[in-house]
Amino acid sequence: MAVVPQKTRQQRSMFAASDDSAMMKQIHATHAPDGRELDAKPLLNIVEDIFLRAAATSTFVQQQGAHQAQLNELDEKVLQNGFHETIDTMSYNKINKISYEISSKCSEGGEEDHATTLAIFNLLSNYSWDAKVVLALAAFAVNYGEFSLVAQIYLTNPLAKAVALLKQLPEIIERAEDLKPQFEALTNLIRAMTGVAKCIVEFKELPSQYITPDTPEMLTATAHIPTAVFWIIRSIVACTSQIVGLVGMGHEYTASTTETWELSSLAHKVSNIHSHLTRQLALCNQHIDEKRNIEAYQTLARLLDSVHIDNMRILKALIYAKDDQLPLFHGSTKKGGGLDLLRTKTVLLLISELELSRDELTQLKQIYSEAREQPGRPESQYEIVWLPVVDRSTPWNERKKKQFETLQSMMPWYSVHRPSLLDVAVIRYIKETWHFNKKALIVVLDPQGKVVNPNAIHMVWIWRSLAFPFTSSREEALWNEETWKMKLLVDSIDSLIPSWENEGKLICLYGGEDIEWIRKFTEAAKAVAICVGIHIEMVYVGKSNPRENVRKINGIIESEKLSHVFSNLHLIWFFWVRLESMWHSKVQHKRAADNDPIMQEIMTMLSFDGSDQGWAVISKGSDEMAKARGDTILKSFVEFESWKQSAKEKGFLPALIDHLHLLHSPSHCNRLILPGATGSIPEKIVCAECNRPMEKIIMYRCCTD
């Protein structure tokens, strides 16, 4: 190689070339693609492999910390079958021509870098922009790779040693420390060029069915790609000049601050281009993801509306479609499992966030365990699968992972192995079609995968496993069998209540948070019962969402022996959740207080809970039930002498009901308070007392007790 005069190199200015727009006009003038295709990615993998290995073991750069994993990954890409078939003879020839063109012009000296760059563009005129950049990098990789290879093996390979001597490499190696800034600048520029080239190839490989050339995000990117290609090829020329100068002058080579600055400036410019293209590529991928998600959502919707012979296609679409891993985890066995375990079974999809309440989990576990005690019963033939809905807009971190694993380990049924298995389209379908909004719901799939109930959680709370197969028609049938009495109101929450009913005792449920009213009411009720000679059992059921105040009242009632209480706050919570579930279940079946007697009673109970005072309902297990707010029912007991005779003639409960009617005032202010994330709430709700439409208000509450 001819020696490049030091003076020429030092006088060269990288950015004194002409105005950018004039320069790019020249570049565009060379661009005349003839439709020939080059699979650029396999060739770029080879190029990247050369650059990484040269940098990883170079005596000059001393970057021994290059990631072996990255090299191994490139090995896999490079050794893919059929690589040689993707590069035709014409492309190999073109690489050799460019390699020679760069080497010869840089060796001759006096040639302007821009002129050399333009010559390379002329050689590549018939190729697309991505092919231009990859072929040019491949040509440079040949020269750079040969240089690095000889430097790496000359101590152990006689042939390499002889070549190294002719290239004066031993002398250069002795001065490696002095030349370190030049080689660091060279390596940084090569890394930046590779990054931009990979971006350009990725743009070319974007799926055309989801993003077209006229998409705004793509238009912006393609407008900048020619400039990016120019600066890469321009940088290739600068890198080659550096290497040629080093080899040509050997020990006489004097490191130039200007040359180092040139390479660093180019690296900075190319890195900026890389940052811009990376951002634009992210926008394009976002556009593609949105299109794919829309397509996946529509496909899922069509699939769920179709008829199937079993539930496998639906479960795969909802949970995980691939066969490369076990998507299920069983909480009892702590083992993974495939979706085949759910084939032909009724599947309850428990959908919640990671904040599923302990009360909900405890109650559901109890219902599930009861069903498993007699696995042969028809109502035991179902499986539960937990689908956790996680906010994808915030990163998945160690705290969330621990929260998920803790909750998963507490569940005796199936769950997805990890939340990320659920596709974005599935999450969207859950929210938009099944109306999931923070509060847990249970979607029921029959053995054929058909959605037979978009939210069965309410009927599960009301009737437990008796609700099997949890269909909307089964829900309707169960309601047709019900009447409003103590059994429906309390179910098996407290085992004492059914036994009291069997003994013919009066049962009184009461609530509120006014301990003084509780003392007065329980004392008056006991006094009346003694006077009449009847047995009355009273149970305090607190308020919905029981908190510390209800716990304190429970303790006072027990210590003062005022009445019975539910043994823990969970049972109080469940009492009120069942009532709310009855309301939601009726609403789902288009029932209202003005056309459904049970709905009227449910709303009365919920309005009692929404008031600031106590209340009570009294029944003997039959359909007859006396009920009133605290002040009214307390007054009835205080005035017992005025209706004592009626109680002897009609019976205590009918007489009490009549007296409460006499005390009833048409003036009232009933409040029905429902949790804000309960799904579908009708626009019109009528008052259980007067059948007039209730006013809708929004309330925000913060309770810290």
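Going by the structure above, here's the rest.
Thresholds applied
Residues numbered from 1 in each chain as written. Predicted model: local features only at pLDDT ≥ 70, side-chain atom pairs only at ≥ 80, totals over all residues. Heavy atoms only, no water. Helix = DSSP H or I, 4+ residues; strand = E, 2+ residues; numbered from the N terminus. Buried < 20%, exposed > 50% of the residue type's maximum accessible area, 1.4 Å probe, protein only. Contact = heavy atoms within 4.5 Å. Areas by Shrake-Rupley, 256 points an atom, 1.4 Å probe, with all protein chains shown as cover. Pairing = 2+ DSSP bridges. Axes fitted to C-alpha atoms, helices over the stretch in contact; angles between N-to-C directions. Expected span 1.5 Å × (residues − 1). Parallel < 35°, antiparallel > 145°, perpendicular 65-115°, else oblique. Left-handed = near helix turned anticlockwise from the far one by under 90°. Nonpolar A, V, L, I, M, F, W, Y, C, P; charged D, E, K, R; others polar. Salt bridge = Lys/Arg side-chain N within 4 Å of Asp/Glu carboxyl O. Core = buried A, V, L, I, M, F, W, Y, C linked by side-chain atoms within 4.5 Å. Polar contact = N/O pair within 3.5 Å; in protein donor to acceptor, adjacent residues only side chain to side chain. Phe/Tyr/Trp six-rings, centres within 6.5 Å; stacked < 30°, edge-to-face > 60°. Lys NZ or Arg CZ within 6 Å of the ring centre and 35° of its normal.

1. As for the overall build of the chain
1) Next: Looking only at helices and strands, one finds 28 helices and 12 strands in the chain.
2) Next: The 705 residues of the chain split such that 50% are buried.
3) Next: In the chain, once contacts between residues fewer than 6 apart in sequence are set aside, the share between residues at least 24 apart is 73%.
4) Next: In the structure as shown, the chain presents an accessible area of about 33900 Å², 52% of it carried by carbon and sulfur atoms.

2. What about the sheet that holds strand β7 (residues 451-453)?
1) Next: Ordered in space as β2-β1-β5-β4-β3-β6-β7, the 7 strands form an open sheet in which the pairing is mixed. For this open sheet the edge positions go to β2 (335-337) and β7, each flanked by a neighbour on one side alone. Geometrically, the sheet is characterised by an average inter-axis angle of 35 degrees between neighbouring strands, direction not taken into account.

3. Comments concerning helix α22 (residues 515-532)
1) Next: When the terminal C-alpha atoms of α22 are compared, their 26 Å separation across 18 residues agrees well with the 26 Å that a helix rising 1.5 Å per residue should span.
2) Next: Every buried residue belonging to α22 is among Ile515, Trp517, Ile518, Phe521, Thr522, Ala524, Ala525, Val528 and Ala529, and all of these are buried.
3) Next: Of the residues trailing α22, Gly533 is marked for its positive phi of about 80 degrees.

4. Let's talk about the packing of helix α8 (residues 129-153) against helix α11 (residues 180-205)
1) Next: Running from N to C, α8 and α11 point in directions that differ by 150 degrees, and their axes come no closer than 10 Å. As far as their axial angle goes, α11 and α8 are roughly antiparallel. Every pair of crossing elements has a handedness; the one defined by α8 and α11 is left-handed. In this structure, α8 contributes Asp130, Val133, Val134, Leu137, Phe140, Tyr144 and Phe147 to the contact, and α11 contributes Phe183, Leu186, Ile190, Met193, Ala197, Ile200, Val201 and Lys204.
2) Next: A class-by-class count of the residues in the contact of α8 with α11 yields 13 nonpolar, no polar and 2 charged.

5. Description of helix α15 (residues 358-373)
Every α-helix carries 3.6 residues per turn, so stepping three or four residues along brings you back to the same face.
1) Next: The end-to-end C-alpha distance of α15, which contains 16 residues, comes to 22 Å, matching closely the 22 Å that a straight helix rising 1.5 Å per residue would cover.
2) Next: Within α15 the residues assigned to the buried category are Glu360, Leu361, Gln363, Leu364, Ile367, Tyr368 and Ala371.

6. A few points about the sheet that holds strand β10 (residues 564-565)
1) Next: Read from one edge of the open sheet, 5 strands run β10-β9-β8-β11-β12, paired in mixed fashion. Two strands close off the open sheet at either side, each with one partner strand: β10 and β12 (625-629).
2) Next: Each of β8 (506-511), β9 (536-540) and β10 is contacted by helix α23 (residues 548-559), which is oriented at about 150 degrees to β9, the strand it contacts most.
3) Next: Its contacts with the sheet put helix α25 (residues 597-610) on β11 (615-619) and β12, and the angle it makes with β12 is roughly 35 degrees.

7. Focus: the pattern of salt bridges
1) Next: Counted under the stated rule, the structure contains 26 salt bridges.
2) Next: Ionic pairing is found between Lys650 and Asp658, a salt bridge with its closest N-O pair at 2.5 Å.

8. Overview of the nonpolar core
1) Next: Core analysis: the largest hydrophobic core is formed by 104 residues, its most contacted members being Leu509, Phe575 and Phe637.
2) Next: Sorting elements by how many residues they give to this core places helix α24 (residues 569-588) first, with 12 residues.
3) Next: With sequence-adjacent residues up to four places away left out, Phe637 is seen in contact with Phe521, Ala524, Ala525, Val528, Ile618, Trp643, Phe652 and Leu656.
4) Next: Counting 71 residues, the second largest nonpolar core, distinct from the first, contains Met23, Ala54, Ile98 and Val196.

9. Re the pairing of β12
Two faces, one strand: in a regular strand the side chains alternate between the faces of the sheet.
1) Next: Counting buried residues along β12, 4 of its 5 residues qualify, which places the element largely inside the surrounding structure.
2) Next: Alignment of β11 against β12, held across 5 bridges, turns out to be antiparallel. Within β12, the residue paired with Ile618 across the bridge is Ala626.
3) Next: What sits between β11 and β12 in their antiparallel hairpin is a turn of 5 residues, with Gly621 showing a positive phi close to 95 degrees.

10. Some thoughts on unusual backbone geometry
1) Next: The omega angle of the peptide bond from Phe468 to Pro469 is 5 degrees, so this bond is cis rather than trans.
2) Next: Looking at the element boundaries, Pro469 is found in the loop between α18 (457-463) and α19 (472-481).

11. Notes on the side chain of Ser465
1) Next: Here Ser465 lies in the loop between α18 and α19.
2) Next: Of the polar contacts made by the side chain of Ser465, one reaches the side chain of Tyr382; its length is 3.2 Å.
3) Next: With sequence-adjacent residues up to four places away left out, Ser465 is seen in contact with Ile367, Ala371, Glu379 and Tyr382.

12. Details of the packing of aromatic side chains
1) Next: A complete count under the given rule lists 30 aromatic pairs for this structure.
2) Next: With 5.8 Å between their ring centres and 45 degrees between their planes, Phe51 and Phe140 make a pair best called tilted. You can see Phe51 sitting in helix α3 (residues 40-57) and its partner Phe140 sitting in helix α8, a full 89 residues away along the chain.
3) Next: What makes Phe140 buried here is its relative accessible area of 0%.
4) Next: Ring centres of Trp573 and Phe574 lie 6.1 Å apart, and the angle between their planes is 25 degrees; on these two criteria the pair is classed as stacked. In this pair, the class of Trp573 matches that of Phe574, namely buried.
5) Next: Taken together, the ring pairs in this structure connect Tyr368, Tyr382, Trp413, Phe468 and Phe470 into an aromatic cluster.
6) Next: Across from the ring centre of Tyr127, 5.1 Å away, lies the NZ or CZ of Arg36, which sits over that ring.
7) Next: For Arg428, the ring lying beneath its charged end belongs to Tyr297, and the centroid distance is 3.9 Å.

13. A few points about the environment of Ser208
1) Next: You can see Ser208 is positioned in the loop between α11 and α12 (216-249).
2) Next: Sequence separation of Ser208 and Ile288 is 80 residues, and the distance between their C-alpha atoms is 9.4 Å.

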